[in-house]
Structures are given as C-alpha cells and as structure tokens.
Amino acid sequence: MSERADLLGRHIVLGLSGGIACYKSAELVRLLTKAGATVQVVMTEAAEAFITPVTLQALSGRAVYTSQWDAREGNNMAHINLSREADAVLIAPASADFIARLVQGRADELLSLLCLARPRERCPLVVAPAMNREMWSHPATQRNVAQLQADGAHVFGPGDGEQACGETGDGRMLEPADLLADLIGFLRPKTLAGKRLLITAGPTFEPIDPVRGITNHSSGKMGFAIARAAVEAGAQVTLVAGPVHLPTPRGVQRLDVMTAQQMFDTVLPQAAQHDVFIATAAVADWRPATLAEHKIKKEGKKQAPTFELTENPDILAAVASLARPPYCVGFAAESERLLEHARAKLQRKRIPLIVGNLGPATFGRDDNSLLLVDADTARPLPADGSQADKLTLARALMDELAARLLRA
Ligand code: CTP
C-alpha cells in the first residue's frame, strides 16, 4: 500500500536524543521525505555520539541544527523559529534522560528548549521512547512518561523485542515504518473519535476435506485499508479476517477465522457493542454439506466426486436484523449492472448504505473505484469516476461514514 504523498505539505521537526536507535532515524528521515514531508533534523550532543549530522543532512536535504547558539538564524532564535512552521515535533529516539528533561521543562540545549518554546496548541509533541527495558520499566521513567502525557505530549510505542544490550523486553524504539504509519494517522482528522467499528475482510474458506476447500479471489486489501483508515480517524476497530496474508494495521484488534460459519459466530455476539458494522468480506454463499474426515482419494474411483452444498448464514443480514443494529455498510462485488444489484442488496439486507464495485476488476488490485448507494442516491468515489488506491478510497469512505453518522 503506497505511503506516497500522505505527508505532502507537512513540515516535521525530527529531534534525535542519544541512543543506539539513532541509526533507525536515518531511515525514518527517508520515509518521511518519501511521504512528501519536509524534515528539519535537530540533534542533541548525545545523539551526535551515535550518528553524524552529515548523514541526516544528506537524507533530509537540510542542514541539521545542534546548538541554540547557531549563528545561521538572523535573530539567533533557532528555538523559536524551528517550531513555528512545524506541523509536529517528533522526538525519535527519545532517551530516558531526554524524557526526564522534557518533564522538568529544561531549556539548556536546543532540542528541549524548542520543545518548551513550541506553540502547543498547533504544534503537537510526539515522543518515541528508546531505551533498555530496565530503564523503561523503572518507576522514574514511568512517572515521567505519565507526566509528559498529562502535559499534552503523545507517545508512540515503545515496541518490545531484542535490545542492543542483549536483553529482551519493552523499550525498543518502534521501527521507522511503524513510526511513519503512526505519524500519518496521528495527523489525520479524528472524525470517528469515540466510535467502535466492526469490520469483516477477506475471503472465507469452506473445507471439503482436510486438504481442499472452496474459496474466492478476495485479497482482503479493501477491508484492511478500511480498518487502517478507521483507526486513523480515531475509531476503535475490530477486524474479523478470513484467510489472508496481510499485516494487521496498527492499533487494530484482529480476529482470524476460516469459514463463513466461524465469521458469523465471531461477529454476531460482538455486533451490538459496535456503532458501525462494515461487511467487506467476500463470504462464501455455500459450503459443502459434509466435511470428509480424510482426504478424498482419486485412486480407485471411476467417476469424479460430486458435492452437495448447503447455504451459509448471511452475516450482514443477521447483524442488520438485530433489535438495535449498528449502522450497517455492505459491499457488493458484481460483474455487471452494479447500481441495480447494489440497490437490490440494500433492500434485501435492509441496510442504509452499500458500496458497490466491479469484483473481477478489483480483486487483489491496489486501485479501485467505488459506487456509494443508499435508498435515494448513488455517488461514485472518487467523485470523477476515476480510480484511486484502496487506502485513499477507505479514507474517503470514513469521511462519508462520519458525515452520515452525524446525520443519523
Ligand atoms: N455477506 C455476508 N454474509 C454472507 C454473504 C454476504 O455478510 N453469507 C455480505 C458481504 O460481506 C457483503 C454483502 O453481504 O457486504 C454482499 O454480499 P454478496 O455475496 O455480494 O451478496 P449476496 O447477497 O450473496 O448476493 P449475490 O450472491 O446474489 O450477489
């Protein structure tokens, strides 16, 4: 999924304090600039012990700031000037010492000084802690992090795993790609804050015997993109996924299932606790009536076997007919007469909104175009009928959903 241009027009001050994770910040600068952001790197003296300003200047295309006495600034006020244009200040890595300095409001070197001097209401401070697990779990650090959040800062991570010191545990800085994804999400408008979304995605797999089954070409990409866009918009997201090999979007609670029946059994008990249900899954309409205990062998058979099929439960229709259903959004993957079929499904399943797309043209692809169909209107997405990548479409769909929830 492309991250390109997600940060176009954004200006990020990237602060590095001292820690071995500084080497990852070089990659982070590359990812941020590839996503369209301009990046101004500011380093503490300790950070310079781990990576040189030359590397970060080359990657960001801007001279790095390391001192509050930098004579390049006309008014000699780097600490003021640097944050005035920034959309966010991201400290990555944020060492235990640097976090303690922020909590105390220290101002004796450029990076903590500019964090203190930034206009808080329009330039958020985000820290990505990076330290040994004992340092991270120490009550002093935990107290400092809690205070930092109480003061309005945001914390990304830390992750867990192997540490440079050879120990294993919490405290690793998040990987650059994760920091990028979190920052992109962080800067998006929170139109679905406080909403709980339940999403199905991917195909189902209906077993015939222990090695064979019936499935379809759904890749799950649209449902996963919707889950990511919903988290970015501030929603709490549960994603019930059929068998797909896609990474779980950050911040999403994922429940893996195989068959339509399992998807039904997972979704139904949860549905009433959600505000919205989005059924993107390509659920198999039928399954083999019986499951062979052992592999069906070709050997010794004169004729090809035949299979009796039985109908699977309709998950979307069942959720929509609950006593107090969530706002239900269906998907219609059709091969022809999209509007007609979509509207028929809307009525049959008694749901307020259905998203139509031409199935064979979209399965597995990154680009798509959608048709939003309700009882009275049909609107293409993108509006000009062109194609867009699935994350862009998912974000537009979440905007549309937020507007409809306000009206509902
Ligand atoms: N759906 C579902 N459970 C099923 C079948 C479908 O939740 N057992 C949902 C899909 O996730 C999608 C919508 O219903 O949101 C439309 O699914 P589709 O299979 O295209 O519609 P059908 O009602 O099965 O109609 P048809 O097969 O005739 O196209």
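Just above, that's the structure.
Residues numbered from 1 in each chain as written. Predicted model: local features only at pLDDT ≥ 70, side-chain atom pairs only at ≥ 80, totals over all residues. Heavy atoms only, no water.

### Considerations on the sheet that holds strand 2 (residues 38-43)
- With respect to topology, five strands assemble into an open sheet ordered 2-1-3-4-5, the strand pairing being parallel. Every other strand in the sheet has two partners, leaving strand 2 and strand 5 (154-155) as the edge strands with one partner each.
- Direction of pairing for strand 1 (residues 11-16) relative to strand 3 (residues 88-94): parallel, over a ladder of four bridges. For Val13, the partnering residue across the bridge sits in strand 3 and is Val89. (Pairing = 2+ DSSP bridges. Helix = DSSP H or I, 4+ residues; strand = E, 2+ residues; numbered from the N terminus.)

### A closer look at the site of the ligand
- Taken together, 13 residues surround the ligand, and among them Ala279, Ala281, Phe331, Lys345 and Lys349 come closest.
- At 3.0 Å from a nitrogen atom of the ligand is found a main-chain nitrogen or oxygen belonging to Ile315.
- Burial of the ligand by the protein chains amounts to 78% of its free accessible area of 570 Å².
- Elements that contribute at least two residues to the shell around the ligand include exactly helix 12 (315-320), strand 16 (327-334) and helix 13 (338-349).
- Of the residues forming the shell around the ligand, the biggest block, three residues, is contributed by helix 13.
- Looking at the shell around the ligand residue by residue, the classes come out as seven nonpolar, one polar and five charged. (Near = heavy atom within 4 Å. Polar contact = N/O pair within 3.5 Å; in protein donor to acceptor, adjacent residues only side chain to side chain. Areas by Shrake-Rupley, 256 points an atom, 1.4 Å probe, with all protein chains shown as cover. Nonpolar A, V, L, I, M, F, W, Y, C, P; charged D, E, K, R; others polar.)

### Side note on the pattern of salt bridges
- Under the criterion given, the structure shown has 25 salt bridges.
- As a salt-bridge pair, Glu334 and Lys345 come within 2.5 Å of each other at their nearest N and O atoms. Of this pair, Glu334 sits in strand 16 while Lys345 sits in helix 13, and the two are eleven residues apart along the sequence.
- Because the salt bridges share partners, they merge into one network encompassing Asp6, Arg188, Arg228, Glu232 and Arg395. (Salt bridge = Lys/Arg side-chain N within 4 Å of Asp/Glu carboxyl O.)

### A short note on the sheet that holds strand 11 (residues 236-241)
- A sheet is described by the order of its strands in space; here eight strands give the open sequence 12-11-8-13-16-17-19-20, paired in mixed fashion. At either end of the open sheet lies a strand with only one pairing partner, and these are strand 12 (253-256) and strand 20 (378-381). In this sheet, adjacent strand axes meet at a mean angle of 20° when their direction is disregarded.
- Bridge count for strand 19 (residues 370-373) against strand 20 is four bridges, and the pairing is antiparallel. Residue pairing in the sheet places Leu370 in a bridge with Leu381 of strand 20. (Axes fitted to C-alpha atoms, helices over the stretch in contact; angles between N-to-C directions.)

### Some remarks on the packing of aromatic side chains
- Going through the model one piece at a time under the given rule, you end up with one aromatic pair.
- Their ring planes at 80° and their centres at 5.9 Å tell us that Phe156 and Phe186 sit as a pair that is edge-to-face. On the criterion of sequence distance, the pair formed by Phe156 in the loop between strand 5 and strand 6 (159-162) and Phe186 in helix 9 (residues 176-186) is long-range, its members being 30 residues apart.
- By relative accessible area, Phe186 is classed as partly exposed at 21%.
- The ring of Tyr65 carries Arg72 above its face, with NZ or CZ at 4.3 Å from the centroid. (Phe/Tyr/Trp six-rings, centres within 6.5 Å; stacked < 30°, edge-to-face > 60°. Buried < 20%, exposed > 50% of the residue type's maximum accessible area, 1.4 Å probe, protein only. Lys NZ or Arg CZ within 6 Å of the ring centre and 35° of its normal.)

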